[in-house]
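Summary of structural features
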Amino acid sequence: MRLESKTAIVTGGGRGIGREIGRRFAAEGAHVLLADIDGARAEAAAEEISAGGGRATPCTADLGLPEGVGQMFETARDCFGDRLDILINNAGIAHHGAFLELSFEDWERVLRNNLTSAFLCAQGAARVMAAHGGGRIVNIGSISGQRGSYGRTAYGVTKAGIHQMTRIMAVELGPRGIAVNAIAPGPIDTGITSMGPDQERRYLERIPLERFGHARDIAGTALFLASDEAAYLTGSVVNVDGGFDAAGLIFSYTELTTVKSDVRDPTRSD
Ligand code: NDP
(Lines give C-alpha, C1' and ligand atoms only; values in the text may rest on other atoms or scores of the structure.)
Protein backbone atom coordinates (compact mmCIF):
# COMPACT_ATOMS: atom_id res chain seq x y z
CA MET A 1 0.00 0.00 0.00
CA ARG A 2 2.46 2.61 -1.20
CA LEU A 3 -0.20 5.31 -1.61
CA GLU A 4 -2.25 4.65 1.54
CA SER A 5 -4.71 7.56 2.12
CA LYS A 6 -3.26 9.65 -0.71
CA THR A 7 -5.48 11.67 -3.02
CA ALA A 8 -4.74 11.62 -6.75
CA ILE A 9 -6.12 13.12 -9.94
CA VAL A 10 -5.48 11.19 -13.15
CA THR A 11 -6.38 13.12 -16.31
CA GLY A 12 -7.43 11.10 -19.33
CA GLY A 13 -8.25 8.41 -16.77
CA GLY A 14 -11.09 6.86 -18.76
CA ARG A 15 -8.96 4.56 -20.88
CA GLY A 16 -5.47 3.49 -21.93
CA ILE A 17 -2.52 4.55 -19.81
CA GLY A 18 -4.58 6.82 -17.53
CA ARG A 19 -7.07 4.08 -16.74
CA GLU A 20 -4.27 1.67 -15.82
CA ILE A 21 -2.58 4.30 -13.63
CA GLY A 22 -5.89 4.92 -11.84
CA ARG A 23 -6.37 1.19 -11.29
CA ARG A 24 -2.82 0.74 -9.96
CA PHE A 25 -2.95 3.79 -7.67
CA ALA A 26 -6.30 2.70 -6.21
CA ALA A 27 -4.87 -0.79 -5.60
CA GLU A 28 -2.06 0.91 -3.63
CA GLY A 29 -4.55 2.70 -1.38
CA ALA A 30 -5.13 6.05 -3.13
CA HIS A 31 -8.51 7.71 -3.68
CA VAL A 32 -8.37 8.56 -7.39
CA LEU A 33 -10.33 11.08 -9.39
CA LEU A 34 -10.51 9.97 -13.02
CA ALA A 35 -11.11 12.95 -15.32
CA ASP A 36 -11.87 12.40 -18.99
CA ILE A 37 -13.60 14.24 -21.82
CA ASP A 38 -15.66 11.08 -22.31
CA GLY A 39 -17.79 10.79 -19.17
CA ALA A 40 -19.01 7.25 -19.89
CA ARG A 41 -15.42 6.02 -20.05
CA ALA A 42 -14.50 7.74 -16.79
CA GLU A 43 -17.56 6.21 -15.10
CA ALA A 44 -16.78 2.71 -16.38
CA ALA A 45 -13.18 3.00 -15.17
CA ALA A 46 -14.27 4.26 -11.74
CA GLU A 47 -16.89 1.50 -11.44
CA GLU A 48 -14.27 -1.14 -12.19
CA ILE A 49 -12.08 0.20 -9.38
CA SER A 50 -14.98 0.47 -6.92
CA ALA A 51 -16.10 -3.07 -7.75
CA GLY A 52 -12.62 -4.25 -6.78
CA GLY A 53 -12.83 -2.47 -3.41
CA GLY A 54 -10.86 0.68 -4.37
CA ARG A 55 -11.88 4.33 -4.15
CA ALA A 56 -12.48 6.17 -7.43
CA THR A 57 -14.57 9.14 -8.55
CA PRO A 58 -15.32 9.85 -12.20
CA CYS A 59 -15.35 13.37 -13.64
CA THR A 60 -16.35 14.54 -17.11
CA ALA A 61 -14.36 17.56 -18.30
CA ASP A 62 -12.70 18.99 -21.38
CA LEU A 63 -9.31 19.81 -19.92
CA GLY A 64 -8.24 21.83 -22.94
CA LEU A 65 -10.47 24.64 -21.68
CA PRO A 66 -10.06 26.66 -18.46
CA GLU A 67 -13.75 26.03 -17.60
CA GLY A 68 -13.28 22.26 -17.88
CA VAL A 69 -10.21 22.36 -15.65
CA GLY A 70 -12.09 24.55 -13.15
CA GLN A 71 -14.88 21.97 -13.12
CA MET A 72 -12.38 19.17 -12.44
CA PHE A 73 -10.85 21.00 -9.46
CA GLU A 74 -14.34 21.70 -8.09
CA THR A 75 -15.06 17.96 -8.17
CA ALA A 76 -11.65 17.33 -6.57
CA ARG A 77 -12.49 19.79 -3.77
CA ASP A 78 -15.81 18.00 -3.17
CA CYS A 79 -13.99 14.65 -2.93
CA PHE A 80 -10.70 15.52 -1.28
CA GLY A 81 -11.35 18.83 0.50
CA ASP A 82 -8.37 21.22 0.32
CA ARG A 83 -5.83 18.43 -0.09
CA LEU A 84 -4.30 17.03 -3.25
CA ASP A 85 -1.26 14.77 -3.06
CA ILE A 86 -0.72 13.66 -6.65
CA LEU A 87 -1.53 14.82 -10.18
CA ILE A 88 -0.95 12.53 -13.14
CA ASN A 89 -1.14 14.87 -16.11
CA ASN A 90 -1.89 12.29 -18.79
CA ALA A 91 -4.76 13.46 -21.06
CA GLY A 92 -3.73 13.93 -24.66
CA ILE A 93 -4.48 13.17 -28.28
CA ALA A 94 -2.36 11.68 -31.04
CA HIS A 95 -1.73 13.47 -34.31
CA HIS A 96 0.25 12.76 -37.47
CA GLY A 97 0.64 15.23 -40.31
CA ALA A 98 3.40 16.45 -42.60
CA PHE A 99 4.88 19.81 -41.65
CA LEU A 100 4.09 21.42 -45.01
CA GLU A 101 0.46 20.37 -44.83
CA LEU A 102 -0.28 20.98 -41.16
CA SER A 103 -3.34 23.23 -40.84
CA PHE A 104 -3.66 26.00 -38.29
CA GLU A 105 -6.78 24.27 -36.90
CA ASP A 106 -4.93 20.98 -36.29
CA TRP A 107 -1.92 22.78 -34.80
CA GLU A 108 -4.18 24.65 -32.39
CA ARG A 109 -6.26 21.56 -31.53
CA VAL A 110 -3.19 19.48 -30.65
CA LEU A 111 -1.62 22.28 -28.63
CA ARG A 112 -4.87 22.85 -26.69
CA ASN A 113 -5.49 19.18 -25.88
CA ASN A 114 -1.90 18.25 -25.09
CA LEU A 115 0.05 21.27 -23.86
CA THR A 116 -2.49 23.88 -22.75
CA SER A 117 -4.42 21.19 -20.87
CA ALA A 118 -1.22 19.98 -19.15
CA PHE A 119 -0.33 23.56 -18.16
CA LEU A 120 -3.79 24.36 -16.80
CA CYS A 121 -4.03 21.12 -14.80
CA ALA A 122 -0.48 21.42 -13.44
CA GLN A 123 -0.99 25.03 -12.41
CA GLY A 124 -4.31 24.25 -10.70
CA ALA A 125 -2.82 21.27 -8.86
CA ALA A 126 0.35 23.14 -7.84
CA ARG A 127 -1.72 25.96 -6.34
CA VAL A 128 -3.60 23.49 -4.12
CA MET A 129 -0.40 21.60 -3.24
CA ALA A 130 1.60 24.77 -2.48
CA ALA A 131 -1.04 25.88 -0.01
CA HIS A 132 -1.14 22.49 1.75
CA GLY A 133 2.38 21.19 2.23
CA GLY A 134 3.45 20.01 -1.24
CA GLY A 135 2.80 17.05 -3.51
CA ARG A 136 3.86 15.18 -6.63
CA ILE A 137 3.13 15.95 -10.27
CA VAL A 138 3.90 13.49 -13.05
CA ASN A 139 3.50 14.82 -16.58
CA ILE A 140 3.12 12.31 -19.41
CA GLY A 141 5.29 13.38 -22.33
CA SER A 142 6.57 11.17 -25.14
CA ILE A 143 9.70 9.98 -26.91
CA SER A 144 8.29 12.11 -29.77
CA GLY A 145 9.25 15.10 -27.62
CA GLN A 146 12.85 13.87 -27.35
CA ARG A 147 13.75 13.20 -30.98
CA GLY A 148 12.86 14.34 -34.48
CA SER A 149 10.60 12.14 -36.55
CA TYR A 150 8.21 12.37 -39.48
CA GLY A 151 4.74 13.86 -39.12
CA ARG A 152 5.08 14.86 -35.48
CA THR A 153 5.35 18.65 -35.74
CA ALA A 154 2.33 19.43 -33.56
CA TYR A 155 2.42 16.34 -31.33
CA GLY A 156 6.21 16.35 -30.85
CA VAL A 157 6.24 20.06 -30.02
CA THR A 158 3.58 19.61 -27.34
CA LYS A 159 5.52 16.74 -25.77
CA ALA A 160 8.84 18.63 -25.87
CA GLY A 161 6.93 21.50 -24.24
CA ILE A 162 5.72 19.16 -21.51
CA HIS A 163 9.29 17.99 -20.82
CA GLN A 164 10.55 21.56 -20.58
CA MET A 165 7.58 22.64 -18.46
CA THR A 166 8.48 19.76 -16.12
CA ARG A 167 12.00 21.11 -15.57
CA ILE A 168 10.81 24.69 -15.07
CA MET A 169 8.08 23.59 -12.64
CA ALA A 170 10.62 21.50 -10.71
CA VAL A 171 12.84 24.57 -10.25
CA GLU A 172 10.03 26.93 -9.25
CA LEU A 173 8.02 24.52 -7.12
CA GLY A 174 10.79 22.58 -5.34
CA PRO A 175 11.01 25.13 -2.50
CA ARG A 176 7.26 24.65 -1.98
CA GLY A 177 7.61 20.91 -1.49
CA ILE A 178 6.28 19.92 -4.91
CA ALA A 179 8.28 17.41 -6.96
CA VAL A 180 7.62 17.38 -10.70
CA ASN A 181 8.80 14.68 -13.11
CA ALA A 182 7.79 13.48 -16.55
CA ILE A 183 7.50 10.08 -18.18
CA ALA A 184 8.33 9.84 -21.88
CA PRO A 185 6.69 6.65 -23.14
CA GLY A 186 7.78 4.95 -26.34
CA PRO A 187 5.11 3.17 -28.38
CA ILE A 188 2.55 1.69 -25.97
CA ASP A 189 -0.12 -0.78 -27.09
CA THR A 190 -3.14 1.34 -26.12
CA GLY A 191 -4.54 1.85 -29.60
CA ILE A 192 -3.62 5.56 -29.68
CA THR A 193 -0.85 4.71 -32.13
CA SER A 194 -3.12 2.63 -34.49
CA MET A 195 -0.32 1.26 -36.67
CA GLY A 196 -0.50 -1.05 -39.65
CA PRO A 197 1.46 -4.34 -39.54
CA ASP A 198 4.32 -2.95 -41.62
CA GLN A 199 4.76 0.09 -39.41
CA GLU A 200 4.54 -2.17 -36.35
CA ARG A 201 7.33 -4.39 -37.65
CA ARG A 202 9.53 -1.38 -38.40
CA TYR A 203 9.05 -0.05 -34.87
CA LEU A 204 9.82 -3.44 -33.34
CA GLU A 205 13.08 -3.60 -35.30
CA ARG A 206 14.14 -0.42 -33.51
CA ILE A 207 13.13 -1.31 -29.95
CA PRO A 208 15.99 -3.14 -28.16
CA LEU A 209 13.57 -4.92 -25.77
CA GLU A 210 11.73 -6.18 -28.90
CA ARG A 211 8.17 -5.43 -27.80
CA PHE A 212 5.73 -2.57 -27.50
CA GLY A 213 5.18 -1.16 -24.04
CA HIS A 214 2.05 -1.93 -22.04
CA ALA A 215 0.03 0.59 -20.04
CA ARG A 216 1.22 -1.25 -16.90
CA ASP A 217 4.84 -0.34 -17.76
CA ILE A 218 3.91 3.34 -17.55
CA ALA A 219 1.71 2.80 -14.47
CA GLY A 220 4.62 1.15 -12.62
CA THR A 221 6.88 4.12 -13.28
CA ALA A 222 4.14 6.61 -12.35
CA LEU A 223 3.64 4.72 -9.08
CA PHE A 224 7.36 4.92 -8.31
CA LEU A 225 7.45 8.66 -9.08
CA ALA A 226 4.40 9.28 -6.87
CA SER A 227 5.67 7.15 -3.98
CA ASP A 228 8.01 7.93 -1.07
CA GLU A 229 10.75 5.98 -2.84
CA ALA A 230 11.15 8.87 -5.31
CA ALA A 231 11.36 11.53 -2.56
CA TYR A 232 14.58 13.11 -3.93
CA LEU A 233 13.64 12.97 -7.61
CA THR A 234 12.47 16.11 -9.40
CA GLY A 235 12.94 17.72 -12.82
CA SER A 236 13.59 14.39 -14.55
CA VAL A 237 12.17 13.05 -17.77
CA VAL A 238 12.15 9.27 -17.52
CA ASN A 239 12.08 7.41 -20.83
CA VAL A 240 9.94 4.27 -20.60
CA ASP A 241 10.45 2.99 -24.11
CA GLY A 242 12.24 -0.37 -24.20
CA GLY A 243 15.43 1.45 -25.26
CA PHE A 244 13.83 3.06 -28.34
CA ASP A 245 15.35 6.50 -27.72
CA ALA A 246 18.77 5.11 -26.79
CA ALA A 247 18.89 3.09 -29.99
CA GLY A 248 18.00 5.93 -32.38
CA LEU A 249 17.87 4.78 -35.99
CA ILE A 250 19.70 1.52 -35.44
CA PHE A 251 20.80 -0.92 -38.11
CA SER A 252 20.27 -4.61 -37.56
CA TYR A 253 23.44 -6.78 -37.56
CA THR A 254 22.51 -8.01 -41.04
CA GLU A 255 22.19 -4.45 -42.34
CA LEU A 256 25.50 -3.52 -40.69
CA THR A 257 27.28 -6.50 -42.23
CA THR A 258 25.95 -5.47 -45.63
CA VAL A 259 27.14 -1.90 -45.11
CA LYS A 260 30.59 -3.12 -43.99
CA SER A 261 31.02 -5.50 -46.88
CA ASP A 262 29.95 -2.69 -49.25
CA VAL A 263 32.76 -0.59 -47.84
CA ARG A 264 35.31 -3.41 -48.03
CA ASP A 265 34.47 -4.37 -51.58
CA PRO A 266 33.29 -1.38 -53.64
CA THR A 267 33.83 -3.25 -56.90
CA ARG A 268 31.44 -6.11 -56.16
CA SER A 269 29.07 -6.76 -59.00
CA ASP A 270 25.88 -7.88 -57.09
P1 NDP B 1 -5.85 7.17 -24.98
O2 NDP B 1 -6.44 7.90 -26.15
O3 NDP B 1 -6.08 5.72 -24.86
O4 NDP B 1 -6.37 7.87 -23.61
C5 NDP B 1 -6.32 9.26 -23.45
C6 NDP B 1 -7.64 9.72 -22.84
O7 NDP B 1 -7.55 11.15 -22.64
C8 NDP B 1 -8.82 9.49 -23.82
O9 NDP B 1 -9.97 9.05 -23.12
C10 NDP B 1 -9.01 10.89 -24.39
O11 NDP B 1 -10.31 11.13 -24.91
C12 NDP B 1 -8.73 11.74 -23.17
N13 NDP B 1 -8.55 13.14 -23.52
C14 NDP B 1 -7.97 13.66 -24.62
N15 NDP B 1 -8.06 15.00 -24.62
C16 NDP B 1 -8.72 15.34 -23.48
C17 NDP B 1 -9.16 16.57 -22.93
N18 NDP B 1 -8.96 17.74 -23.55
N19 NDP B 1 -9.82 16.55 -21.75
C20 NDP B 1 -10.06 15.38 -21.10
N21 NDP B 1 -9.70 14.19 -21.59
C22 NDP B 1 -9.04 14.17 -22.78
O23 NDP B 1 -4.29 7.52 -24.98
P24 NDP B 1 -3.06 6.75 -24.27
O25 NDP B 1 -3.51 6.15 -23.00
O26 NDP B 1 -2.39 5.92 -25.27
O27 NDP B 1 -2.10 7.99 -23.99
C28 NDP B 1 -2.11 8.68 -22.76
C29 NDP B 1 -1.00 9.72 -22.78
O30 NDP B 1 0.25 9.09 -23.07
C31 NDP B 1 -1.18 10.80 -23.84
O32 NDP B 1 -0.77 12.04 -23.32
C33 NDP B 1 -0.27 10.36 -24.95
O34 NDP B 1 0.18 11.41 -25.75
C35 NDP B 1 0.88 9.74 -24.15
N36 NDP B 1 1.67 8.78 -24.93
C37 NDP B 1 1.09 7.65 -25.43
C38 NDP B 1 1.85 6.78 -26.20
C39 NDP B 1 1.28 5.53 -26.80
O40 NDP B 1 1.97 4.89 -27.60
N41 NDP B 1 0.07 5.12 -26.44
C42 NDP B 1 3.27 7.05 -26.49
C43 NDP B 1 3.75 8.26 -25.91
C44 NDP B 1 2.97 9.09 -25.15
P45 NDP B 1 -10.51 11.03 -26.54
O46 NDP B 1 -10.23 9.60 -26.91
O47 NDP B 1 -11.93 11.42 -26.73
O48 NDP B 1 -9.53 11.98 -27.15
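Everything below is about the structure printed above this text.
We now turn to the structure provided with this report. (Residues numbered from 1 in each chain as written. Predicted model: local features only at pLDDT ≥ 70, side-chain atom pairs only at ≥ 80, totals over all residues. Heavy atoms only, no water.)

1. With respect to the overall build of the chain
What counts here: Helix and strand labels come from DSSP, where a helix needs a run of H or I of at least four residues and a strand needs a run of E of at least two; each type is numbered from the N terminus. We take the radius of gyration over the C-alpha atoms and set the globule estimate at 2.2 Å times the residue count to the 0.38 power. Burial status follows relative accessibility: with a 1.4 Å probe on protein chains alone, a residue under 20% of its type maximum counts as buried, one over 50% as exposed, and anything between as partly exposed. Contacts are residue-level and defined by heavy atoms, with any inter-residue pair within 4.5 Å sufficient.
What the chain contains, in helices and strands, is nine helices and seven strands. Taken over C-alpha atoms, the radius of gyration comes to 20 Å for the chain, in line with the 18 Å a tight globule of 270 residues would show. When its C-alpha atoms are laid out on the principal axes, the chain stretches across 75 × 40 × 40 Å. Buried residues in the chain amount to 44% of all 270 residues. By sequence separation, contacts in the chain at least 24 residues apart represent 73% of the contacts at least 6 residues apart.

2. Here we look at the pattern of salt bridges
The cut-off we apply is this: One side-chain nitrogen of Lys or Arg within 4 Å of one carboxyl oxygen of Asp or Glu is enough to make a salt bridge.
A complete count under the given rule lists 14 salt bridges for this structure. A salt bridge links Arg23 to Glu20; its shortest N-O distance comes to 2.7 Å. In this pair, Arg23 and Glu20 are both assigned in helix 1 (residues 16-27), three residues apart and thus about one turn of the helix distant. With a closest N to O distance of 2.8 Å, Arg201 and Glu205 form a salt bridge.

3. A word on the pairing of strand 6 (residues 178-185)
Short version of the rule: Note on pairing: DSSP must find at least two bridges between two strands before they are called paired.
The buried count for strand 6 comes to eight of eight residues, which makes it a mostly enclosed element. Neither face of strand 6 is open: one carries Ile178, Val180, Ala182 and Ala184, the other Ala179, Asn181, Ile183 and Pro185, and all of them are buried. Two strands pair when backbone bridges link them, and strand 5 (residues 135-140) and strand 6 are joined in this way by six bridges, in the parallel orientation. Opposite Ile137, over in strand 6, you have Val180 as the bridge partner.

4. Concerning the sheet that holds strand 7 (residues 237-240)
This is how the line gets drawn: Axis definition: a line fitted to C-alpha atoms, limited for helices to the stretch in contact. Angles are taken between N-to-C directions and run from 0 to 180 degrees.
Pairing is parallel in the open sheet, where seven strands are placed in the order 3-2-1-4-5-6-7. Two strands in the sheet have a free side with no partner beyond their single neighbour: strand 3 (55-60) and strand 7. Averaged over all pairs of adjacent strands, the angle between their axes in this sheet comes to 20°, without regard to strand direction. Set on the sheet, helix 3 (residues 66-80) makes contact with strand 1 (7-11), strand 2 (31-36) and strand 3; between it and strand 2 the angle comes to about 160°. Where helix 5 (residues 153-173) meets the sheet, its contacts fall on strand 5, strand 6 and strand 7, and the angle it forms with strand 6 comes to roughly 160°.

5. Quick look at unusual backbone geometry
Backbone geometry at Ser5 places phi at a positive 60°, although glycine is not the residue there. Position of Ser5 relative to the elements: it lies in the segment before strand 1. A positive phi angle, close to 55°, is found at Glu210, a residue other than glycine. Tracing the backbone shows Glu210 in the loop between helix 6 (197-205) and helix 7 (215-226). The exposure class of Glu210 is exposed, given its relative accessible area of 64%.

6. Brief notes about the packing of helix 4 (residues 104-131) against helix 5
For clarity, the threshold we go by: In these notes the angle categories are as follows: under 35 degrees is roughly parallel, over 145 is roughly antiparallel, 65 to 115 is roughly perpendicular, and the rest is oblique. What makes a crossing left-handed is the near helix being turned counterclockwise from the far one by less than a right angle; a clockwise turn instead makes it right-handed. Residues are grouped as follows: Ala, Val, Leu, Ile, Met, Phe, Trp, Tyr, Cys and Pro are nonpolar; Asp, Glu, Lys and Arg are charged; every other residue, Gly included, is polar.
With their axes 9 Å apart at the nearest point, helix 4 and helix 5 run at an angle of 15° to one another. The pairing of helix 4 with helix 5 is recorded here as roughly parallel in orientation. For the pair helix 4 and helix 5, the crossing hand works out as right-handed. Touching Trp107, Val110, Leu111, Asn114, Leu115, Ala118, Phe119, Ala122 and Ala126 of helix 4 are Thr153, Ala154, Tyr155, Val157, Thr158, Lys159, Gly161, Ile162, Met165, Met169 and Leu173, all from helix 5. Tallied by class, the residues present in the contact of helix 4 with helix 5 amount to 15 nonpolar, four polar and one charged.

7. Some details on the packing of helix 3 against helix 4
Following both chains from N to C, one finds helix 3 and helix 4 inclined at 35°, their axes separated by 10 Å at the closest point. When you trace helix 3 past helix 4, the crossing you get is right-handed. Seen from helix 3, the contacting residues are Pro66, Val69, Met72 and Phe73; seen from helix 4, they are Leu120, Cys121, Gly124 and Ala125. Counted by class, the contact of helix 3 with helix 4 contains seven nonpolar, one polar and no charged residues.

8. Here we look at the side chain of Thr11
Convention followed: Polar contacts here mean pairs of N or O atoms no more than 3.5 Å apart (in protein, one a potential hydrogen donor and the other a potential acceptor; neighbouring residues in sequence count only if both atoms are side-chain atoms).
Tracing the sequence through the fold places Thr11 in strand 1. Thr11 gets classed as buried once you look at its relative accessible area, which sits at 1%. A distance of 2.7 Å separates the side chain of Thr11 from the backbone nitrogen of Asn90, its partner in a polar contact.

9. What to know about the environment of Val32
Turning to its location among the elements, Val32 is positioned in strand 2. For Val32, a relative accessible area of 0% translates into the label buried. Val32 sits 139 residues away from Val171 along the chain, and the two C-alpha atoms are 27 Å apart. In this view, Val32 contacts Ala8, Gly22, Phe25, Ala26, Ile49, Arg55, Ala56, Thr57 and Phe80; residues no more than four positions away in its chain are not counted.

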